[in-house]
Amino acid sequence: MGTRSGDLDPGVLVYLMREKQFDAAMLEKLVDRSSGLLGISGIGSDMRQLYEAASSNADAQLAIAMFCYSVRKQIAAMIAALDGVDSLVFTGGIGENDVETRTAICGGLSWLGVSLDPAQNRAGENPISDRASRCAVHVLLSQEDEQIARHTWALFPRCLSG
């Protein structure tokens with residue numbers, strides 16, 4: 001995540017409270033606003049900014065690598081829970097717009113049979129997987145604004161009636 005911690009051993013929180021005298025507000029700030037990509041890199045939570053800095057900043061490189069590892073780990077967990085996978089779909093800001101991150105994530109999923117076509121991935125064409133891939137990989141526009149508008153419109157008549 002950009003500023004929030006990912007997996008966190010609860011013992012870390014106890015340690016910070018006991019040994020470093022962190023209170024609830026300090027813990028909240030640490031795990032919600034000062035961790036994730038920002039906490040690891042020390043630069044920020046925007047992947048574009050991290051890629052710009054990565055050539056000369058080891059912490060930016062580490063933040064990117066840890067993010068991609070975490071995504072691969074979550075994908076693998078979902079595959080285990082679902083007992084398999086037919087398609088892998090990228091969406092949202094990074095999923096839709098970040099060719100490098102999609103490449104890094106999928107590169108670590110070759111055991112699953114994921115293989116990207118570099119030209120289709122760069123162009124965002126669907127599918128972005130190549131013909132030899134055993135798992136289809138797609139980029140799907142999230143259309144969050146449209147969904148919010150649909151929900152708002154559905155509530156609108158109720159708002160008028162009081």
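Residues numbered from 1 in each chain as written. Predicted model: local features only at pLDDT ≥ 70, side-chain atom pairs only at ≥ 80, totals over all residues. Heavy atoms only, no water.

Visitor: Quick question: what am I supposed to make of the overall build of the chain here?
Guide: Along the backbone of the chain there are nine helices and two strands. Taken from the N to the C terminus, the helices and strands of the chain come in the order α-α-α-α-α-β-α-α-α-β-α. In summary, the chain has a C-alpha radius of gyration of 20 Å against a globular reference of 15 Å for 162 residues, an excess of more than 25%. Dimensions along the principal axes, computed over C-alpha positions, put the chain at roughly 55 × 55 × 35 Å. Counting the 162 residues in the chain, one finds 25% classified as buried. Within the chain, contacts between residues separated by at least 24 positions form 46% of all contacts whose residues are at least 6 apart in sequence. When the accessible area of the chain is evaluated, it comes to approximately 10,700 Å², of which 56% is carbon and sulfur surface. (Helix = DSSP H or I, 4+ residues; strand = E, 2+ residues; numbered from the N terminus. Rg over C-alpha atoms; globule rule 2.2 N^0.38 Å. Buried < 20%, exposed > 50% of the residue type's maximum accessible area, 1.4 Å probe, protein only. Contact = heavy atoms within 4.5 Å. Areas by Shrake-Rupley, 256 points an atom, 1.4 Å probe, with all protein chains shown as cover.)

Visitor: Please clarify how the pattern of salt bridges should be interpreted in this entry.
Guide: Here the structure, examined in full by the defined rule, presents three salt bridges. Here Arg4 and Asp32 are joined by a salt bridge, their closest N and O atoms 3.9 Å apart. Placement of the pair is Arg4 in the segment before α1 (10-20) and Asp32 in helix α2 (residues 24-33), with a sequence separation of 28 residues. Measuring nitrogen to oxygen at the nearest pair gives 2.6 Å for the salt bridge that ties Asp46 to Arg48. For Asp46, a relative accessible area of 29% corresponds to the partly exposed category. With a relative accessible area of 62%, Arg48 lands in the exposed category. (Salt bridge = Lys/Arg side-chain N within 4 Å of Asp/Glu carboxyl O.)

Visitor: I keep staring at the packing of helix α4 (residues 47-54) against helix α5 (residues 58-82) and nothing clicks. Help me out?
Guide: Working note: a packed helix pair is described by the angle between its axes plus the distance between those axes. At their nearest, the axes of α4 and α5 sit 8 Å apart, and the two run at 130 degrees to each other. In terms of orientation, α4 lies oblique with respect to α5. Along this stretch, α4 crosses α5, giving a crossing that reads as left-handed. Each of Met47, Leu50, Tyr51, Ala53 and Ala54 in α4 lies in contact with α5, whose residues at this interface are Ala60, Gln61, Ala63, Ile64 and Phe67. (Axes fitted to C-alpha atoms, helices over the stretch in contact; angles between N-to-C directions. Parallel < 35°, antiparallel > 145°, perpendicular 65-115°, else oblique. Left-handed = near helix turned anticlockwise from the far one by under 90°.)

Visitor: What is the right way to look at the pairing of strand β2 (residues 136-139) in this model?
Guide: Taken residue by residue, a regular strand's side chains alternate between the two faces of the sheet. Of the two faces of β2, only the one carrying Val137 and Val139 is buried; Ala136 and His138 on the other face are not. As paired strands, strand β1 (residues 87-90) and β2 are joined by four bridges and run parallel to one another. Paired with Val89 across the strands is His138, a residue of β2. (Pairing = 2+ DSSP bridges.)

Visitor: Is there a simple way to think about unusual backbone geometry in this case?
Guide: Phi is mostly negative for residues that are not glycine, and the peptide bonds are mostly trans. Each neighbour pair has its own omega, and for Asn126 with Pro127 the value is -5 degrees, a cis peptide bond. When you line up the elements, Pro127 lands in the loop between α8 (118-123) and β2. Even without being a glycine, Gln21 presents a positive backbone phi close to 55 degrees. One can find Gln21 in the loop between α1 and α2. We classify Gln21 as exposed; its relative accessible area is 55%.

Visitor: Please explain the side chain of Ser129 as it appears in this structure.
Guide: Inspection of the secondary structure assignment puts Ser129 in the loop between α8 and β2. On the basis of relative accessibility, which here comes to 7%, the residue Ser129 falls in the buried class. Only 3.1 Å separates the side chain of Ser129 from the backbone nitrogen of Val137, close enough to count as a polar contact. Among all residues touching Ser129, those that are not within four sequence positions of it are Ser115, Leu116, Asp117, Gln120, Cys135, Ala136 and Val137. (Polar contact = N/O pair within 3.5 Å; in protein donor to acceptor, adjacent residues only side chain to side chain.)

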